[in-house]
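A closer look at the structure
Here is how the chains run, residue by residue.
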Amino acid sequence: MASSASLATGRRKSSSARVYMKPGKGAITVNGRPLDEFFGRKTGVMIVRQPLELVQMTERFDINVLVEGGGITGQAGAIRHGITRALMEYDDSLRPALRKAGFVTRDAREVERKKVGLHGARKRPQYSKR
């Protein structure tokens, strides 16, 4: 068991989230706004709460998050990764359950760059025989 407050960084796509976790009543704020208000859709809220629900600690911590970069899905994934790391810093015995659920590994997929002469990363211009 580490100290009562935990700080962790989570990343996904081009988003990064700094997660501050301390004992409390279960309030989650993102960039100074409540979680439900920050994410308009339920999927973002669901993604963020997954690690807490897995270890049955939804009502035990107050979490303050500063997230920047990317879009809604990337930011939700970054927050989930950060919360997972903060939980492991709080209690390392949670690691096997979080690892089995796939929350510990950072999703390394990034957007592939556009190449010269192509429409996108891989889409080619239409072939003309003559």
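Here we summarise the structure given alongside this text. What you see is a predicted model; the values in this text were computed from it and never measured.

Taken in spatial order, the five strands of this open sheet run E1-E2-E5-E3-E4, and their pairing is mixed. Each having just a single partner strand, strand E1 (6-12) and strand E4 (33-34) make up the two edges of the open sheet. Of the pairings in the sheet, the one linking E1 to strand E2 (residues 15-23) comprises seven bridges and is antiparallel in character. Following the sheet pairing, Gly10 is matched in E2 by Ala17. Where helix H3 (residues 72-90) meets the sheet, its contacts fall on E1, E2, strand E3 (28-30) and strand E5 (61-68), and the angle it forms with E1 comes to roughly 145°.

Only one face of E5 is covered, namely the one carrying Phe61, Ile63, Val65 and Val67; the face carrying Asp62, Asn64, Leu66 and Glu68 has none of its residues buried. Here E3 pairs with E5 via three bridges, running parallel. Following the sheet pairing, Thr29 is matched in E5 by Asn64.

All right, on to helix H2 (residues 42-54) then. Compared with an ideal rise of 1.5 Å per residue, which puts 13 residues at 18 Å, H2 spans 18 Å between its outermost C-alpha atoms and is within 8% of the ideal. For H2, the principal kink sits at Val48 and spans about 40°; a proline, Pro51, occurs within the next four residues. Here H2 has its buried residues at Gly44, Val45, Val48, Pro51 and Leu52. Turning to H2, the residues buried within the fold contact E3, helix H1 (35-38), E5, H3 and helix H4 (95-101).

Moving on, we come to the packing of aromatic side chains. The geometry of an aromatic ring pair comes down to the distance between the two centres and the angle between the two planes. Applying the stated rule across the entire model yields two aromatic pairs. Ring geometry for Phe38 versus Phe39: centroids 5.0 Å apart, planes at 85°, classification edge-to-face. Exposure class is identical for Phe38 and Phe39. Each is buried. Look at Phe61 and Tyr90: their rings are 4.8 Å apart centre to centre, the planes differ by 80°, and that puts the pair in the edge-to-face class. Within this pair, whereas Phe61 is found in strand E5, its partner Tyr90 is found in helix H3, the two being separated by 29 residues in sequence. Of the two residues examined, Phe61 and Tyr90, each falls in the buried class.

Positive phi outside glycine occurs at Lys13, with the angle close to 50°. Overall, Lys13 belongs to the partly exposed group, its relative accessible area being 39%. The phi angle at Asn31 is positive, at roughly 50°, despite the residue not being glycine. Examined against the element boundaries, Asn31 turns out to sit in the loop between E3 and E4.

Moving on: the pairing of E2. What sits between the antiparallel neighbours E1 and E2 is a turn of two residues, in which Lys13 has the positive phi angle 50°. The pairing of E2 with E5 spans eight bridges and is classified as antiparallel. Paired with Ser16 across the two strands is Glu68, which belongs to E5.

What counts, and at which threshold
Per chain, residues are indexed from 1 in the order of the written sequence. At least 70 in pLDDT is required for a residue's local features to be given in this predicted model, at least 80 for side-chain atom pairs to be given and counted, and no such filter applies to totals for whole chains, interfaces and linings, which use all residues. Calculated side-chain values reflect all of the structure's heavy atoms, with hydrogen atoms and water omitted. If DSSP finds at least two bridges between two strands, the strands pair. Strands here mean DSSP runs of E at least two residues long; helices mean DSSP runs of H or I at least four residues long; both are numbered from the N terminus. Throughout, a residue-residue contact means that at least one pair of heavy atoms, one from each residue, lies within 4.5 Å. For helices, the fitted line uses only the C-alpha atoms of the stretch in contact; every axis is such a line through C-alpha atoms, and the angle between N-to-C directions lies from 0 to 180 degrees. Three labels apply to residues, based on accessible area from a 1.4 Å probe with only protein chains included: buried if under 20% of the type maximum, exposed if over 50%, partly exposed otherwise in between. To estimate the expected span of a helix, subtract one from its residue number and multiply by 1.5 Å. Values of bend correspond, residue by residue, to the angle between axes fitted over the seven residues ending at that residue and the seven starting there. Under the pairing criterion, centres of Phe, Tyr and Trp rings, with the six-membered ring standing for Trp, must be within 6.5 Å; the plane angle then separates stacked pairs below 30 degrees from edge-to-face pairs above 60, leaving the rest tilted.

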